[in-house]
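Next come the chains, spelled out residue by residue.
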Amino acid sequence: MTVFRSLDPFDRAILRLVQRDNRMPQRAIAEAVNLSTAAVQRRIAAMEKEGVIAVNAAIVDPDAVGLGVTSIVEVNLVDEKAATVDRAKALFRADPDVQQCYYVTGGRSFIMMIVAPDMRSYEAITRRLFAENDSVANYSSYLALDRVKAGMELVIP
């Protein structure tokens, strides 16, 4: 488990702003949180170095790039031995078709989200990741009819 330094109210205010718009000019952030631009720049650099800010990325609309199938998948492994789980984590983490993946409790091994261009492509992905994987006992797919909300923004206290 990663240990982070304690975030003060200024850090938290900066994080609230940059997670909504990571291209916001640092001078605008400085004005919004009542710090100097240099102080904001140092704080952002420190949070990036420490991994508090994990990545700066654009969120792309899947429909705009021809990815019309979104599926939430429940996966059960054949066993929960550390080696089996670690192999599955490595496989799912490395696969670009897996958008999100969580190792969970409650009778399932993993819950993940997969985005694909069409059903034929989605079938190929599920065959490769699950049906042909000896570590997977079974899986269930839930196809999204509508993306009601999608994002990664956290409510920062």
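Here the structure is a predicted model, which means the values were calculated and not measured.

Asker: What's the story with helix α3 (residues 37-50) in this structure? I'm lost.
Answerer: In an α-helix, one full turn covers 3.6 residues, which means residues spaced three or four apart are oriented alike. Between its first and last C-alpha, α3 extends 20 Å over 14 residues, near the 20 Å set by a 1.5 Å rise per residue. When we look at burial in α3, the residues that qualify are Ala39, Val40, Ile44 and Met47. For α3, the angular spread of the buried residues around the axis is 130 degrees, confining them to a single face. For α3, the exposed residues lying more than 90 degrees away from the buried face are Arg42 and Lys49. Where α3 terminates, the next one or two residues include Gly51, which has phi positive at roughly 90 degrees.

Asker: Looking at this structure, how should I read the sheet that holds strand β4 (residues 136-143)?
Answerer: Paired through their backbone hydrogen bonds, the strands of a sheet run either parallel or antiparallel. Within the open sheet, the 4 strands sit side by side as β2-β3-β1-β4. Their pairing is antiparallel. Both outer strands of the open sheet, β2 (98-103) and β4, are each paired with one neighbouring strand and no more. Neighbour-to-neighbour, the strand axes of this sheet turn through a mean angle of 20 degrees, independent of strand direction. In this structure, strand β1 (residues 69-77) lies alongside strand β3 (residues 110-116), joined through 7 bridges in antiparallel fashion. From the neighbouring strand, Thr70 faces β3, where its bridge partner is Val115. Along the sheet, helix α4 (residues 82-94) makes contact with β1, β2 and β3, crossing β3 at roughly 20 degrees.

Asker: I'm lost on the pairing of β1 in this one. Help?
Answerer: Each regular strand carries side chains that alternate between the two faces of the sheet. For β1, the buried fraction is high: 8 of the 9 residues fall into the buried class. In terms of strand pairing, β1 meets β4 through 7 bridges, oriented antiparallel. Among the inter-strand pairings, Val75 is bridged to a residue of β4, identified as Tyr139.

Asker: For this particular structure, what's the right way to read the side chain of Thr70?
Answerer: With respect to the secondary-structure elements, Thr70 resides in strand β1. On the basis of relative accessibility, which here comes to 13%, the residue Thr70 falls in the buried class. The residues touching Thr70, leaving out its near neighbours within four places in the chain, are Met113, Ile114, Val115, Tyr142, Leu143, Ala144 and Arg147.

Conventions used here
- Residues numbered from 1 in each chain as written.
- Predicted model: local features only at pLDDT ≥ 70, side-chain atom pairs only at ≥ 80, totals over all residues.
- Heavy atoms only, no water.
- Helix = DSSP H or I, 4+ residues; strand = E, 2+ residues; numbered from the N terminus.
- Expected span 1.5 Å × (residues − 1).
- Buried < 20%, exposed > 50% of the residue type's maximum accessible area, 1.4 Å probe, protein only.
- Arc of directions from axis to C-beta.
- Pairing = 2+ DSSP bridges.
- Axes fitted to C-alpha atoms, helices over the stretch in contact; angles between N-to-C directions.
- Contact = heavy atoms within 4.5 Å.

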